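For reference, the chains in residue letters:
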Amino acid sequence: MTMRYMMLAGVAVISTAAAAQVQPPHVAKKPFQVTSPNGAREDDYYWLRDDTRKNPEMLAYLAAENAYADAQLASLKPLEAKLYEETVSHIKQDDSSVPYAKNGYYYGSRFETGANYPILERRKGSPTAPVETLFDQPAMAKGHSFFSLSDWAVSPDNRRVAWAEDTVGRRQYVLKLKDIATGAMIADTIANIEPNVVWADDNKTILYIEKDPVTLRGYRVKAHVLGTPVASDRLLYEEKDDTYSMEVARTADDKFVCIGVGSTVSDEQRCAPAAAPTAFTVIAPRAREFRYGADHLGNRWIIRTNKDAKNYKLVTVADADLAKGTPAWRDLTPASDAVFIEGFKPFDGFVAIDQRQGGNRMIRVLSDAGKSTAVTADEPAYRMSLDVNEETATPWVRYTYGSLVTPTTTYEVNAKTGERRVLKVAPVPGYDPAKYVTERVWAPARDGTRIPVSVVYAKGVKRDGTAPLFQYAYGSYGISSDPGVDPGRIGLLDRGMVYAIAHIRGGQEMGRGWYDDGHLLNKKNSFTDFIDVTRYLVAQKYAARTRVAAMGGSAGGLLMGGVANMAPADYKLIIAQVPFVDVVTTMLDASIPLTTFEYDEWGNPAQKASYDYMLSYSPYDNVTAKAYPALYVGTGLWDSQVQYYEPTKWVAKLREMKTDTNPLLFRVNMEAGHGGKSGRFERYRQNAEWQAFMLQQLGVAK
């Protein structure tokens, strides 16, 4: 087929429907020196950064990459469509949530058939009372290529609702309000806020977090009074330290409004009466390596803290003793090397605790009398987590349970009697859990550490070393990767794939030490853990050595970039979504969103030890002339978490340096941010593309 190209400033742009014979896009190299206190580096692709996202040369290159991906994937369109249809067939389209009670109303959501977004509604006094619609999101999303309603709050008198809305994908939300009974919009709007909205008791004051317009860091808590100019909004608190993020919330008993600020290694919380949130009292002053979070019920505070407890413990302090500081804190739970406390929820007479042990997340109930009762599970690898529990004057604790085989099930357990009842099993049409097997495997890392791995496959798949493997991990920020049933994964399992979640260091599946051993100057453990899990699963004949695909996104995309450089021969395909791959350059630039928050995650490259270590694993800086596996890389032009130019530069450098003929595809979503396009079906539609490519590369395309 004859191809026509348009040359624009050194970039080849495909102007007709591409065919498989088209060559990869070419992008110009423009010498640029990235300077730092610890040395300078040449970056020939730095010019691809354009904070305005209007540079025609840059946009032309992205368009060329999309056209090239279209050409290479054209033959897979039937399989892509089939995978998407299979996924959708496992989704109950007219599904609804389990209603929860709050302040005299029952709140819930429901999807209509074919809708990308849910309708949020409430019923007064009873789950069967007449419906009041809060948000008709399908209607609200019309005309927008991206739509996100991320946080909302009903006023204490139940008359008005405030919410945070994003129609770009940049996570710069707009505060909006309306009258619930009439649906009439209230004129007040506030731009560029965090998705975090809290009412004061007067029903006219709203607390919100203002973002810095450049760094997108939430740094000021303000109070807006309905009907007054935004310019006159009262400043309640400003965080001067740009390594801290912040949030605003009401306590469990609604008596207080609290402003919480936190970094990787430190927290500070200040609270004021919700009736008059003006004078805030600090629960405990910040200190390095001191973390805590407090909630209030009755006449006491309950606090989760790492004070003298690396894996956290719960303490309590009476209102009257709060001013005495941490010496007045009294233990509710002991410090433990085996149990990591993830969170808690206070109730009248007891506390529900969300914790981790043995790599699994579980629930425990602790009575005020000191009796501790764990909620049991029957599977080797699973996830329990506290669900919505807005009411405290109840013995019933709502939580969810799931595994790689068991669909998410909503339970409630009676803290007094131990009675447990099922409220809902998430419907997965056409899916039979009995056809699949889940296992917990412990893979030895090269330093002797045992890495937990959650595995699932269809019954009948033989452990003979011939199956294809799809391995996932994240492993950063102390974020754990918990197992669950995914409608988009069922078709892969039915085709004989083995799916594994590698719970590598950098998460907190095994406690705070698990995180400490996978960040800062220990970050490479995350990469080697992932590689060692792959090699163990292959050695144990879960999969063929030549049929392994790996995937990670965001910081997990950094993982993929590191793995691609360190062990390219172990993977047939690597999928890196919105990958954080230009670590040193990004961390040198405090104007980039998230950079200053993360000095205690990756290190501050202004310090030589951190600079040298980060440079030793940064995927972009370590691309060399060698063979790489097939690669599928995704990004969003409006990404605020990992800027689009990081994966763009990485792809450009890989195209220049790699010596293999394996496909390298770069999919750029021009209308979305970090999470891709919005809407429940759009995510699966996007996933079907890389899934089809993966199946083709692993030899299971059908």
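Cut-off values and rules
- The residue numbers shown here count from 1 along each chain, following its written sequence.
- Per-residue local features of the predicted model are confined to residues with pLDDT of at least 70, and side-chain atom pairs are confined, for both listing and counting, to 80 or more; whole-chain, interface and lining totals are unaffected and use all residues.
- Hydrogens and water are ignored here; the side-chain numbers use all heavy atoms of the structure.
- Counting from the N terminus, the helices are the DSSP runs of H or I reaching at least four residues and the strands are the DSSP runs of E reaching at least two.
- Note that the radius of gyration is over C-alpha atoms, with the globule rule given as 2.2 Å times the number of residues to the power 0.38.
- Residue exposure (1.4 Å probe, protein chains only): buried if accessible area is under 20% of the type maximum, exposed if over 50%, otherwise partly exposed.
- The criterion used for residue contact is that any of the two residues' heavy atoms lie within 4.5 Å.
- Any Phe, Tyr or Trp ring, taking Trp's six-membered ring, that has another such ring centre within 6.5 Å forms a pair; planes under 30 degrees apart are called stacked, those over 60 apart edge-to-face, and the others tilted.
- We count a charge as sitting over a ring when the NZ of a lysine or the CZ of an arginine lies within 6 Å of the ring centre and within 35 degrees of the ring normal.
- Strands pair, by our definition, only if DSSP identifies at least two bridges between them.
- Here an angle of 0 to 180 degrees is reported between the N-to-C directions of two axes, which are lines fitted to C-alpha atoms, with helices fitted over the stretch in contact.
- In plain terms, two cysteine sulfur atoms within 2.5 Å form what is called a disulfide here.
- Throughout, the term roughly parallel applies to angles under 35 degrees, roughly antiparallel to angles over 145, roughly perpendicular to angles from 65 to 115, and oblique to all others.
- With the far helix as reference, a near helix turned anticlockwise by less than a right angle produces a left-handed crossing, and one turned clockwise produces a right-handed crossing.
- Charged residues are taken to be Asp, Glu, Lys and Arg, nonpolar residues to be Ala, Val, Leu, Ile, Met, Phe, Trp, Tyr, Cys and Pro, and polar residues to be all remaining types, Gly included.
- For this document, the term salt bridge refers to a Lys or Arg side-chain nitrogen within 4 Å of an Asp or Glu carboxyl oxygen.
- Grouping buried Ala, Val, Leu, Ile, Met, Phe, Trp, Tyr and Cys residues that are joined through side-chain atoms within 4.5 Å yields what is termed a nonpolar core.

## Structural notes on the overall build of the protein chain
Argument step 1. Along its length, the protein chain carries 12 helices and 39 strands.
Argument step 2. Here the protein chain has a C-alpha radius of gyration of 26 Å; the compact-globule value for 702 residues is 27 Å, and the two agree.
Argument step 3. Counting only C-alpha atoms and orienting by the principal axes, one finds that the protein chain spans roughly 75 × 60 × 55 Å.
Argument step 4. The buried share of the protein chain, reckoned over its 702 residues, is 58%.
Argument step 5. At a minimum sequence separation of 6, the contacts of the protein chain that also span at least 24 residues come to 56%.

## Things to note about the packing of aromatic side chains
Argument step 1. A full pass over the atoms with the stated rule returns 27 aromatic pairs.
Argument step 2. A centroid spacing of 5.3 Å and a plane angle of 15 degrees characterise the contact between Tyr399 and Tyr411, whose relative ring orientation is stacked. Pair noted here: Tyr399 is in strand β29 (residues 396–402) and Tyr411 is in strand β30 (residues 409–414), with a separation of 12 residues, a long-range link. Neither Tyr399 nor Tyr411 differs from the other in exposure class; each is buried.
Argument step 3. On the basis of an interplanar angle of 75 degrees and a centroid distance of 5.6 Å, the ring pair of Tyr613 and Tyr617 is categorised as edge-to-face. One end of the pair, Tyr613, and the other, Tyr617, are both in helix α10 (residues 608–617), 4 residues apart, so they sit about a helical turn from each other.
Argument step 4. For Tyr613, a relative accessible area of 16% translates into the label buried.
Argument step 5. The residue whose ring lies beneath Arg122 is Tyr105, and the NZ or CZ to ring-centre distance is 3.8 Å.
Argument step 6. Looking at Arg489, its charged tip hangs above the ring of Tyr499, at a distance of 4.0 Å from the centre.

## Section: the sheet that holds strand β32 (residues 436–444)
Argument step 1. A sheet is described by the order of its strands in space; here 8 strands give the open sequence β32-β33-β35-β34-β36-β37-β38-β39, paired in mixed fashion. Each edge of the open sheet is held by one strand with a lone partner, namely β32 and β39 (664–669). Pairs of neighbouring strands in the sheet enclose a mean axial angle of 15 degrees, with direction left out of account.
Argument step 2. One ladder, built from 5 bridges, connects strand β37 (residues 573–577) with strand β38 (residues 630–636); its direction is parallel. Along β38, the bridge assignment pairs Ile575 with Tyr632.
Argument step 3. Across the face of the sheet, helix α7 (residues 555–566) comes into contact with β36 (548–553) and β37 while running at roughly 140 degrees to β36.

## Topic: the state of the cysteines
Argument step 1. Within this structure, the stated rule accounts for 1 disulfide.
Argument step 2. Disulfide pairing places Cys258 opposite Cys271 at an S-S distance of 2.1 Å. Taking the sign of the torsion about the S-S bond as the criterion, the disulfide between Cys258 and Cys271, at about 110 degrees, is right-handed. Here Cys271 lies in strand β18 (residues 267–273) and Cys258 lies in strand β17 (residues 256–262), a separation of 13 residues in the sequence.
Argument step 3. Assessed through its relative accessible area of 6%, Cys258 is described here as buried.

## Brief notes about the packing of helix α6 (residues 524–539) against α7
Argument step 1. For the pair α6 and α7, interaxial distance at closest approach is 9 Å and the crossing angle is 70 degrees. One element, α6, and the other, α7, form an angle in the roughly perpendicular class. The handedness of the crossing between α6 and α7 comes out as right-handed. Within the contact between the two elements, α6 uses Ser526, Phe527, Thr528, Phe530 and Ile531 and α7 uses Leu558, Leu559, Met560, Val563 and Met566.
Argument step 2. Broken down by class, the residue content of the contact of α6 with α7 amounts to 8 nonpolar, 2 polar and no charged.

## Focus: the packing of helix α2 (residues 77–89) against helix α12 (residues 680–698)
Argument step 1. Axis separation between α2 and α12 bottoms out at 8 Å; the angle between their running directions is 130 degrees. Here α12 runs oblique to α2, going by the angle between their axes. Two packed elements cross with a definite hand, and for α2 against α12 that hand is right-handed. Between α2 and α12, the contacting residues are Lys77, Leu79, Glu80, Leu83, Tyr84, Thr87 and Val88 on the first element and Phe681, Tyr684, Arg685, Ala688, Glu689, Gln691, Ala692 and Leu695 on the second.
Argument step 2. A breakdown of the residues in the contact of α2 with α12 according to their chemical character gives 9 nonpolar, 2 polar and 4 charged.

## A look at the sheet that holds strand β23 (residues 330–331)
Argument step 1. Taken together, the 4 strands give an open sheet; going across it, the order is β20-β21-β22-β23, and neighbouring strands pair in antiparallel fashion. The strands lining the two open edges of the sheet, one partner per strand, are β20 (292–297) and β23.
Argument step 2. In this structure, strand β21 (residues 300–305) lies alongside strand β22 (residues 313–318), joined through 6 bridges in antiparallel fashion. Its bridge partner lying in β22, Ile303 is registered against Val315.

## Thoughts on the pattern of salt bridges
Argument step 1. Counted according to the given criterion, the structure contains 51 salt bridges.
Argument step 2. For Asp70, the salt bridge goes to Arg667, with nearest N and O atoms at 2.8 Å. Within this pair, whereas Asp70 is found in helix α1 (residues 56–73), its partner Arg667 is found in strand β39, the two being separated by 597 residues in sequence.
Argument step 3. Notably, a salt bridge pairs Lys307 with Asp308, separated by 3.9 Å at the nearest N-O pair.
Argument step 4. Of the residues examined, Lys307 reaches a relative accessible area of 32% and is grouped as partly exposed.

## Points about the nonpolar core
Argument step 1. Grouped together as the largest cluster of nonpolar side chains are 71 residues, with contacts concentrated most on Val455, Phe530, Leu537, Tyr571 and Trp650.
Argument step 2. Beyond its immediate stretch of four places on either side in the chain, Leu537 contacts Val441, Val453, Val455, Leu469, Gln471, Ala500, Tyr542 and Ala543.
Argument step 3. Judged by nonpolar contacts, the second largest core, of 41 residues, contains Tyr68, Tyr436, Leu573 and Tyr684.

## Things to note about the pairing of β29
Argument step 1. Burial of β29 is extensive: 7 of the 7 residues sit out of reach of the surface.
Argument step 2. Burial of β29 is two-sided: the residues Trp396, Arg398, Thr400 and Gly402 facing one way and the residues Val397, Tyr399 and Tyr401 facing the other way are all buried.
Argument step 3. Both β29 and β30 contribute to a ladder of 6 bridges, which runs antiparallel. Directly across from Thr400, in β30, lies its bridge partner Thr410.
Argument step 4. Between the end of β29 and the start of β30, which pair antiparallel, lie 6 residues.

## Describing unusual backbone geometry
Argument step 1. You will see that Asp254, though not glycine, has its phi angle at about 65 degrees, which is positive.
Argument step 2. Along the chain, Asp254 turns up in the loop between β16 (245–250) and β17.
Argument step 3. On the accessibility criterion, Asp254 (36% relative accessible area) is partly exposed.

None of the figures reported here should be taken as evidence of function without further support.
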